[in-house]
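# Observations on chain architecture
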Amino acid sequence: MARKQLRNKLSLGYSLARSAHFTAQQFTLPLLERLVTRSMKDRPSIELKNIKKSYSELYKLLKKDTDNIDKGLYPLEVLYPENLAKHALRYPQILVDGYHISRRRQEHDAKEFNQEAREYLADLPEYYQRNFHYQSGGYLTEKSAELYEHQVEILFAGAADAMRRLIIPLAKDVFLNEGAGLKFLEVGAGTGRLTRFMKLAFPKAQITVLDLSEPYLKQARKNLSKFKGLDFVQGAAEELPFKDEYFDFVYSCFLFHELPADVRDGAVLEGMRVLKPGGYYGLVDSLQKEEAEGLEWALEQFPKDFHEPFYKNYSLHPVEGLLKEVGFSGLRKDTGFFSKAVLAQKPFSA
């Protein structure tokens, strides 16, 4: 018991230190923005009570995450750091990209693409042809794919991974083994960060990794090269290239707030179609308006600071209602920091 308590404290201490590290990086970006783009107005100051609330919720999430490790819901390996040299070498590139992001934000330019990105545009839906977050290349360059996960951790003060993992305990409640014989589909998998955690939690599951971006899928292959039982497929959430009733579990992470309302509807309908009767549909995404008590300011400011044209609509329309409308039932839910996880079941019969 004492050893377990010590491991819990060490795990939490590591997560807090990691959060402090990314928070320090987070603070450097506005300073760089003010130094380089002198004509930019200062961003609105955050009230002390809001800062305290945010860090309180951050601590609760990291504590929950380490408790889930202690419960055996996923292994300690989810906390293993990446190669520190790669991490250090990437940060100067993020600072350079931060300058370009600041310029695009100032100019409200979400359609700037280099030649590499433009080669993909003609084959992509209109809603995807933009620089989400004003990041260079949108989701359409290898450099963007290399920087993305690091940038997201900076944005969320080192809590992005823990937020992603909110879906795993819900899945563990309904899939009571290591995934043997189960087929999972991750939609909008990006560079495969949640895929890694899901594979560690369900090592025997066959996971199909689907994303619309060819460069991000390429990066996912690199990031997940040590794992077996993975298939990589390029495709859209609203037009899944799979037969009916094939998967046991369909899930996504940080996807829905980047989709127009009609595409969100299509994604859920497609998820229902490809799920086996009795299968489960899950997602991790941003808190929505009625769930963000004390954090409303962040939900309002986020789409202003970052190019998120569909976020406001998402924030006003609970995904739980959409899942119920389509026919899912038995809804389960968890929240942490700025995110929530939702899981629901497809009926065994129509």
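Treat the numbers as computed from the prediction; the structure is a model and nothing was measured. What you see as residue numbers is a count from 1 along each chain, following the sequence as written. Residue-level local features of this predicted model are given only where pLDDT is at least 70; pairs of side-chain atoms are given and counted only at 80 or more, and the full residue set underlies all totals for whole chains, interfaces and linings. Values reported for side chains reflect all heavy atoms of the structure, with hydrogen atoms and water molecules removed beforehand.

This part covers helix α9 (residues 214-223). Along α9, the positions that sit buried rather than exposed are Pro215, Tyr216, Leu217, Gln219 and Ala220. Only heavy atoms enter the contact rule, under which two residues are in contact if any of them lie within 4.5 Å. Helix and strand assignments come from DSSP, with helices taken as H or I runs of at least 4 residues and strands as E runs of at least 2, each series counted from the N terminus. Here the buried face of α9 lies against α4 (115-121), α5 (142-155), β2 (206-211) and β3 (230-234). Pairing of N or O atoms within 3.5 Å defines a polar contact, subject to two protein rules: one partner must be a possible hydrogen donor and the other a possible acceptor, and residues neighboring in sequence count only if both atoms are side-chain atoms. Looking at where α9 begins, the residue whose side-chain oxygen comes 3.1 Å from the main-chain nitrogen of Tyr216 is Ser213. Only protein chains enter the accessibility calculation, which uses a 1.4 Å probe; a residue is then buried when its area is under 20% of its type maximum, exposed when over 50%, and partly exposed in between.

Another aspect to go through is unusual backbone geometry. Phi at His108 takes a positive value of approximately 55 degrees, unusual for a residue other than glycine. With respect to the helices and strands, His108 occurs in the loop between α3 (84-107) and α4. Despite not being glycine, Glu245 shows a phi value in the positive range, around 50 degrees. By secondary structure assignment, the location of Glu245 is in the loop between β3 and β4 (247-253).

In this section: the pairing of strand β7 (residues 339-345). Across the seven residues of β7, seven count as buried, placing the element largely inside the fold. The alternating pattern of β7 places Ser339, Ala341, Leu343 and Gln345 and Lys340, Val342 and Ala344 on opposite faces, both of which are buried. Inspection of the sheet shows strand β5 (residues 275-286) paired to β7 by seven bridges, in the antiparallel sense. The residue bridging Tyr280 from the neighbouring strand is Gln345, located in β7. One requirement defines pairing of two strands: DSSP has to find at least two bridges between them.

Before going further, it helps to spend a moment on the packing of aromatic side chains. Each aromatic pair joins two rings of Phe, Tyr and Trp (for Trp, the six-membered one) with centres within 6.5 Å, and gets the label stacked for planes under 30 degrees apart, edge-to-face for over 60, and tilted for any other angle. Taken as a whole, this structure holds 21 aromatic pairs when the rule is applied. With 5.3 Å between their ring centres and 35 degrees between their planes, Tyr281 and Phe328 make a pair best called tilted. You can see Tyr281 sitting in strand β5 and its partner Phe328 sitting in the loop between α13 (319-326) and β6 (329-336), a full 47 residues away along the chain. Both residues of the pair, Tyr281 and Phe328, belong to the buried class. By way of ring pairs, the aromatic residues Tyr127, Tyr128, Phe132, Tyr139, Tyr148 and Tyr216 are connected into one cluster. A cation over a ring is seen here: Lys172 above Phe202, with NZ or CZ 4.5 Å from the ring centre. When the ring centre of Tyr246 is taken as reference, the NZ or CZ atom of Lys183 above it lies at 5.4 Å. Geometrically, a lysine NZ or arginine CZ counts as sitting over a ring once it is within 6 Å of the ring centre and also within 35 degrees of the ring normal.

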